[in-house]
Amino acid sequence: MKGTCKAILVGGAALLIFGFVESHSAEPSNRVGFQGARILKLHDVPTLEVDGAPFLLVGAQCDIWRSTPQDAKTVAFFDGFQAMHATAVSVGVPWSKLEPKKDEYAFRFLDWFIDQARQHGLKLVVNLFNSNVCGKVGEGRSGLVYPPEYILNAPESYQRMVLPGPCRYVSAGPPLCPNDPRTLERERRLCVALAEHLARTDLQKTVIMLQIDNEFYYQQWAGPRTQAEAEVRCHCRFCEEKWQAHSWKDGEEFMFNSFADYLRVLTDAITAVHPLPLYVNSPWWPPCAIPIFLNKCPNLSLVGVDGVFSPNEPNMLSRSQIGRNIPFAAENPTENPTTRLNLDVLPYYSLVGQQGIGNLLWECAPPHTVVGDPEARKRYGNALYPLHSAQVPIAKARGTENLIGWYLLREVAANMTTDIFGNFIPAGKSGRTMVQDRLFVREGLQSRIVKTNQFTVTLGDLRLSISDSAAGIIVRTGPNAAILAIPMGRITAEAPRPIKISEGRFKRDSWLLERECIVETAGKASIIHVREPAVLRLLY
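Residues numbered from 1 in each chain as written. Predicted model: local features only at pLDDT ≥ 70, side-chain atom pairs only at ≥ 80, totals over all residues. Heavy atoms only, no water.

Take the packing of aromatic side chains next. Two aromatic rings, taken as a pair, are described by how far apart their centres are and by the angle between their planes. Enumeration over the complete set of coordinates arrives at 22 aromatic pairs. Summarising the aromatic geometry, the rings of Tyr 150 and Tyr 158 are spaced 6.2 Å apart at their centres and angled 80 degrees between planes, so their arrangement reads as edge-to-face. Its relative accessible area of 17% is what places Tyr 150 among the buried residues. When its relative accessible area of 8% is taken as the criterion, Tyr 158 is described as buried. Taking 4.8 Å as the distance between ring centres and 15 degrees as the angle between the ring planes, the aromatic pair formed by Tyr 407 and Phe 440 counts as stacked. Taken together, the residues Tyr 407 in strand E14 (residues 403–412) and Phe 440 in strand E17 (residues 434–443) connect sequence positions 33 residues apart. Its relative accessible area of 2% is what places Tyr 407 among the buried residues. Among the aromatic residues, those joined into a cluster by ring pairs are Phe 216, Tyr 217, Phe 256, Phe 259, Trp 285 and Phe 293. (Phe/Tyr/Trp six-rings, centres within 6.5 Å; stacked < 30°, edge-to-face > 60°. Buried < 20%, exposed > 50% of the residue type's maximum accessible area, 1.4 Å probe, protein only. Helix = DSSP H or I, 4+ residues; strand = E, 2+ residues; numbered from the N terminus.)

Structure (structure tokens):
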């Protein structure tokens, strides 16, 4: 982040101070050697590769009510996360917008989002809201429907789930049954048409991932939740036939396998036409559901995880790393005050702690947005700037001894309330939001928990003491060179030789120098105060 820098002598050490001047907006991707998007392993760490280079997926998903109108509020979402240095955003695209009439496909709605992402220098994750969206087929009074009207108006041809007994869905439910072959064929044709459209028109490869449907088997009941939810299953004629043909543990196992069988057809159809990383998202599924999808669907890249509020483990993300799954915090809801408290550390948790492919907020409707909350916007933007500006060297160093990363583990005070945006504020006399801070520290292949707000690490000949920092990353880029990607903090650096420091950013592997920082030295110690997010290069 462009800033002023100067060095002054403090107690025999050089004090380097960074002050804010202006933000650096996102740039369009380098289009040389375009290769699309795929997930591979670098040093045994799952890594998303985009345009032939490692890519750190950090940003947010727009809520469907704000994105669907494609108006000024939708554009403000793109504007806001571009200014916050996101690398990508995601949007929901209803089936009904892509196939308004049977066999008549229209992709203008999707193309509008692709154009917005390109104009803002962002990559795009598309969430296909097709036959099953949180156990619903629409949003009730808003008039938004997910499957096309020709399907919803023909229940005799396209089976909805049948649930006998006391359980009743909300008015926009139940969803379409995954065991109806006619519904599956209609959605398969949609996915093929979509893949063909992207292959033909998205020549800049703006779309980097597809989510297929949304939160399978997430039940939304009219009334209290049943205590025997694992017994809930569809009892339509298609499901009764499948149920009788096999011995199932319970209704939950039956439905997860049914959705996985359905998904296999869709993921295979897309991959045959236009290979992209494909995923589904888990709304607090039991961990046993994860391998059902991954084992049955070889072209499914991963199961993303919703509801990651905090880096404190165990949590839904840590519990979901089973088999070949890849860590991806797909929707961190901004209506949750714990999410908002951890805006400055969640991306570092996903990328450094879990060594996953990325972190997306789910930016819900106002007033609980980040875009509309100046303080939250600054904290998330400050966290993303170093990741955005040094993503290739950071990604290449993960899984090696050349990376050191850290982030805060916060414990929230008991007596709390929230402000209009949903941020925690103290309700009692203590005035404290947190009762305890600890630090997670990754040093190469090892990790540890530090019970204070400072720690010391070494990278070859370089010794670093770090304090007053919620998160950050250090990467050794050569025998006597390192980069420091940090939103804020105080670092004392010592080396056998004088340390030269510059500020800049990376474009892929290339260091783009913005300014040299004159550092006065006393002995071997330099003290760096970073007051605004920065990427610093240290030569020693």
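This brings us to the side chain of Glu 49. Inspection of the secondary structure puts Glu 49 in strand E4 (residues 45–50). Only 2.7 Å separates the side chain of Glu 49 from the side chain of Arg 38, close enough to count as a polar contact. Non-local contacts of Glu 49, meaning those with residues more than four positions away in its chain, are made with Gln 35, Gly 36, Ala 37, Arg 38, Leu 40 and Pro 54. (Polar contact = N/O pair within 3.5 Å; in protein donor to acceptor, adjacent residues only side chain to side chain. Contact = heavy atoms within 4.5 Å.)

In spatial order, the strands read E6-E7-E8-E9-E10-E11-E12-E13; together these eight strands close into a barrel with parallel pairing. Averaged over all pairs of adjacent strands, the angle between their axes in this sheet comes to 30 degrees, without regard to strand direction. Pairing analysis gives two bridges linking strand E9 (residues 207–214) to strand E10 (residues 278–282), with the strands arranged parallel. For Gln 211, the partnering residue across the bridge sits in E10 and is Tyr 279. Against the sheet, helix H8 (residues 251–273) touches strand E8 (123–133), E9 and E10, its axis set at about 155 degrees to E9. Along the sheet face, helix H12 (residues 346–353) touches strand E6 (57–62), strand E12 (328–333) and strand E13 (358–363) and points at about 150 degrees away from the line of E13. (Pairing = 2+ DSSP bridges. Axes fitted to C-alpha atoms, helices over the stretch in contact; angles between N-to-C directions.)

Quick look at the pattern of salt bridges now. By the definition in use, this model includes 28 salt bridges. Of the charged contacts, one joins Glu 443 and Arg 448 as a salt bridge, the two residues approaching to 2.4 Å between their closest N and O atoms. Residue class for Arg 448 comes out partly exposed when judged on its relative accessible area of 32%. Within this structure, Glu 99, Asp 103, Glu 185, Arg 186, Arg 188 and Arg 189 form a network of salt bridges that share partners. (Salt bridge = Lys/Arg side-chain N within 4 Å of Asp/Glu carboxyl O.)

Moving on: the state of the cysteines. What is meant by a disulfide is a covalent connection between two cysteines, made through their sulfur atoms. Per the counting criterion, the structure on display carries zero disulfides. No disulfide involves Cys 288; its sulfur sits 16 Å from the nearest other cysteine sulfur, which is in Cys 297. Residue Cys 364 stays outside any disulfide, its sulfur separated by 10 Å from that of Cys 62, the closest cysteine. (Disulfide = S-S within 2.5 Å.)

Moving on: the sheet that holds strand E5 (residues 53–55). Pairing between the strands of a sheet comes from backbone hydrogen bonds, and it takes one of two forms, parallel or antiparallel. With respect to topology, three strands assemble into an open sheet ordered E3-E4-E5, the strand pairing being antiparallel. Among the strands making up the open sheet, the edge pair consists of strand E3 (37–42) and E5. The average undirected angle you get between the axes of adjacent strands in this sheet is 50 degrees.

For the bond running from Glu 313 to Pro 314, omega is 5 degrees, close enough to zero to count as cis. For Pro 314, the position within the fold is in the loop between strand E11 (302–306) and helix H10 (316–319). The residue after Pro 366, namely Pro 367, is reached through a cis peptide bond having omega 10 degrees. The phi angle at Asp 213 is positive, at roughly 55 degrees, despite the residue not being glycine. Considering the arrangement of structural elements, one finds Asp 213 in strand E9. Residues other than glycine seldom take positive phi values, yet Trp 284 does so here, at roughly 70 degrees. One can find Trp 284 in the loop between E10 and helix H9 (289–296). Among the residues examined, Trp 284 registers a relative accessible area of 44% and is labelled partly exposed.

Two elements in contact, helix H6 (residues 181–201) and H8, have axes separated by 8 Å at closest approach and are oriented at 25 degrees. With respect to each other, H6 and H8 are oriented roughly parallel. Helix-helix and strand crossings are classified by hand; for H6 and H8 the assignment is right-handed. For the pair formed by H6 and H8, the contact residues are Thr 183, Leu 184, Glu 187, Arg 188, Cys 191, Val 192, Ala 195, Glu 196 and Ala 199 on the first element and Tyr 262, Val 265, Leu 266, Ala 269, Ile 270 and Val 273 on the second. Partitioned by chemical class, the residues of the contact of H6 with H8 number 11 nonpolar, one polar and three charged. (Parallel < 35°, antiparallel > 145°, perpendicular 65-115°, else oblique. Left-handed = near helix turned anticlockwise from the far one by under 90°. Nonpolar A, V, L, I, M, F, W, Y, C, P; charged D, E, K, R; others polar.)

Bringing the packing of helix H2 (residues 72–83) against helix H4 (residues 108–119) into the picture now. If you want to describe how two helices pack, look at the angle between their axes and the distance between the axes. In the contact formed by H2 and H4, the axes pass within 10 Å of each other and the chain directions differ by 35 degrees. For the element pair H2 and H4, the recorded crossing hand is right-handed. Judged by residue contacts, Thr 74, Val 75 and Phe 78 of H2 engage Trp 112, Phe 113, Gln 116 and Ala 117 from H4. Partitioned by chemical class, the residues of the contact of H2 with H4 number five nonpolar, two polar and no charged.

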